[in-house]
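# Survey of secondary and tertiary structure
The residues making up each chain are set out below.
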Amino acid sequence: MNVRTLCLAILHFEDATGYEIKKASAEGKYSYFVDVSFGSIYPALAKLEAEGCVTVRHEITAGKPARKVYSITDAGNAELRAALSETPGRDVFRSEFLLVAMLCDGLPQENIRTMIDERIAAKRAELKQLKDARATISLTGAQWTLSYGIACTSAALAYLESSRDELEAFAGTALENTERNAAQ
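Below: a short report on this structure. None of the values given here were measured: they were computed from a predicted structure. (Residues numbered from 1 in each chain as written. Predicted model: local features only at pLDDT ≥ 70, side-chain atom pairs only at ≥ 80, totals over all residues. Heavy atoms only, no water.)

By the element assignment, Ser 71 lies in strand S3 (residues 67-72). Take Ser 71: its relative accessible area is 12%, and that puts it in the buried class. Here Asp 15 takes part through its side chain, which lies 3.0 Å from a polar atom of the side chain of Ser 71. Here Arg 57 takes part through its side chain, which lies 3.4 Å from a polar atom of the side chain of Ser 71. Dropping the residues within four chain positions of it, Ser 71 is found in contact with Asp 15, Cys 53, Val 54, Thr 55 and Arg 57. (Helix = DSSP H or I, 4+ residues; strand = E, 2+ residues; numbered from the N terminus. Buried < 20%, exposed > 50% of the residue type's maximum accessible area, 1.4 Å probe, protein only. Polar contact = N/O pair within 3.5 Å; in protein donor to acceptor, adjacent residues only side chain to side chain. Contact = heavy atoms within 4.5 Å.)

See the structure below:
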């Protein structure tokens, strides 16, 4: 899946400006699907417009620059259906947190404790965001998708809370060995 498909998916539900699409795809309800850069959205929208997949109307508001509002066309809906009919690639999961956890033996225990606290707080916030979004959506597929996200996030949160002592116990063990060897 690519930025074009994501733009079309967002526009399938409602008209939007490029900025609204950027915001929704970076930190909103569409941020869970495709990793897109801000710099890729406007070129994708321009190409979609040139291909007749979206239309643009200019909205003028007093005292503000004109806004370009994008709408999906029948051709855009057909392209969206075609793109969604392809078998999706595997899910990609990356986590800087897990790299730090993997190497926690070389870090002070207090650093790891703080990092775990911050990660738990972030997962709780993410869980709240997902539950709030699910409460406002009536589409069956979107409800299922949000429930899947809630299940994954809940599992990660439960694991962090139940196994934090184990990770904290590993923290600093290489530092202790290095300091012990240096003292000998």
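This model, assessed by the stated rule, comprises 14 salt bridges. Between Glu 79 and Arg 4 there is a salt bridge whose closest N-O contact spans 2.6 Å. Here the residue Glu 79 occupies a position in helix H4 (residues 74-85), and Arg 4 occupies one in helix H1 (residues 3-13), the gap between them amounting to 75 residues. For Arg 4, a relative accessible area of 17% puts it in the buried group. A salt bridge links Arg 113 to Glu 168; its shortest N-O distance comes to 3.5 Å. Of this pair, Arg 113 sits in helix H6 (residues 109-136) while Glu 168 sits in helix H7 (residues 140-170), and the two are 55 residues apart along the sequence. Relative accessible area serves as the criterion here: at 27%, Arg 113 is assigned to the partly exposed category. Taking the relative accessible area as the measure of exposure, Glu 168 reaches 9% and is therefore buried. Among the ionic contacts, a cluster of salt bridges with common partners joins Asp 15, Glu 20, Arg 57, Glu 59 and Arg 67. (Salt bridge = Lys/Arg side-chain N within 4 Å of Asp/Glu carboxyl O.)

The subject of this paragraph is the side chain of Thr 73. Structurally, Thr 73 can be placed in the loop between S3 and H4. For Thr 73, the contacting residues outside a window of four places in its chain are Gly 52, Cys 53, Val 54 and Thr 55.

Just distances and angles here, no functional claims.
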